[in-house]
Amino acid sequence: MNKINIGDLLDFEAEKSARKAIFKEGQLDVGLLLYEPGQTTTEHKHSNIDEVFYVISGEGTITINNEELVLSEKDIILSPKGETHGFCNTSSSNWVVLQIKIKS
């Protein structure tokens, strides 16, 4: 069993958003998405992965199937397989999102 402190993974990159792996076991893949202000992830989709996103800190927008939603601290959302999703940190502070991927 591994204990990980999220604070130890908060290594933001100036050029682009970053993903820091936490756990990967079987069908489960957990990581942190780190966005500095203005950073984005282009809309994309996965045909065999459901994803859950939980905001640890900050605020930004997620677009799922062309519907844009503001997500802030303690918000959680599901992006089912086959649906497009993308991210944008629209705030003036860093945005930290826990990503849970489950392959089907």
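These numbers were taken from a predicted model, which means no experiment stands behind them. (Residues numbered from 1 in each chain as written. Predicted model: local features only at pLDDT ≥ 70, side-chain atom pairs only at ≥ 80, totals over all residues. Heavy atoms only, no water.)

Visitor: Requested: an account of the overall build of the protein, with residues and values cited.
Guide: Scanning the protein for helices and strands turns up zero helices and nine strands. Along its sequence from the N terminus, the protein presents helices and strands in the succession β-β-β-β-β-β-β-β-β. In terms of overall dimensions, the protein is globule-like: its C-alpha atoms have a radius of gyration of 13 Å, near the 13 Å expected for 104 residues. C-alpha atoms of the protein, sized along the principal axes, occupy 35 × 35 × 25 Å. In the structure as shown, the protein presents an accessible area of about 6,200 Å², 49% of it carried by carbon and sulfur atoms. (Helix = DSSP H or I, 4+ residues; strand = E, 2+ residues; numbered from the N terminus. Rg over C-alpha atoms; globule rule 2.2 N^0.38 Å. Areas by Shrake-Rupley, 256 points an atom, 1.4 Å probe, with all protein chains shown as cover.)

Visitor: Describe the UniProt feature "domain: Cupin type-2" (unreviewed entry) in the protein, and please don't skip the residues or the numbers.
Guide: Following the UniProt record, one finds the feature "domain: Cupin type-2" (unreviewed entry) at residues 32-98. The span residues 32-98 shows a helical share of 0% and a strand share of 63%, and its end C-alpha atoms are spaced 5 Å apart. (UniProt positions renumbered as here; feature names shortened; annotations may be inferred.)

Visitor: So what about the packing of aromatic side chains? Which residues, and what values?
Guide: Applying the stated criterion across every chain, the model contains four aromatic pairs. Pairing Tyr 35 with Trp 95 gives two aromatic rings, centres 5.3 Å apart and planes at 40°, and the pair type is tilted. Highlighted residues: Tyr 35 in strand E2 (residues 28-35) and Trp 95 in strand E9 (residues 95-103), separated in sequence by 60 residues. Note on Tyr 35: relative accessible area 1%, which makes it buried. Residue classification places Trp 95 among the buried residues on the basis of a relative accessible area of 0%. Judged by centre distance (4.9 Å) and plane angle (75°), the rings of Phe 53 and Phe 87 are edge-to-face. Of this pair, Phe 53 sits in strand E4 (residues 49-57) while Phe 87 sits in strand E8 (residues 85-88), and the two are 34 residues apart along the sequence. The pair formed by Phe 53 and Phe 87 is uniform in burial state, with each residue classed as buried. (Phe/Tyr/Trp six-rings, centres within 6.5 Å; stacked < 30°, edge-to-face > 60°. Buried < 20%, exposed > 50% of the residue type's maximum accessible area, 1.4 Å probe, protein only.)

Visitor: Describe the pattern of salt bridges, with residues and values.
Guide: This model, assessed by the stated rule, comprises three salt bridges. A salt bridge links Lys 20 to Asp 11, with the shortest nitrogen-to-oxygen separation between them at 3.9 Å. The class for Asp 11 is partly exposed, based on a relative accessible area of 48%. Residue Asp 29 pairs with Arg 19 through a salt bridge whose shortest N-O separation is 3.1 Å. One end of the pair, Asp 29, is in strand E2; the other, Arg 19, is in strand E1 (residues 18-25), and ten residues separate them in sequence. For Asp 29, a relative accessible area of 13% translates into the label buried. (Salt bridge = Lys/Arg side-chain N within 4 Å of Asp/Glu carboxyl O.)

Visitor: Explain the environment of Tyr 35 to me, using residue names and the numbers behind them.
Guide: Here the alpha-carbon distance between Tyr 35 and Ser 91, two residues 56 residues apart in the chain, equals 10.0 Å. Each residue touching Tyr 35, except ones within four places of it in the same chain, is listed here: Phe 12, Ser 17, Thr 40, Thr 41, Phe 87, Asn 89, Ser 93, Asn 94 and Trp 95. (Contact = heavy atoms within 4.5 Å.)

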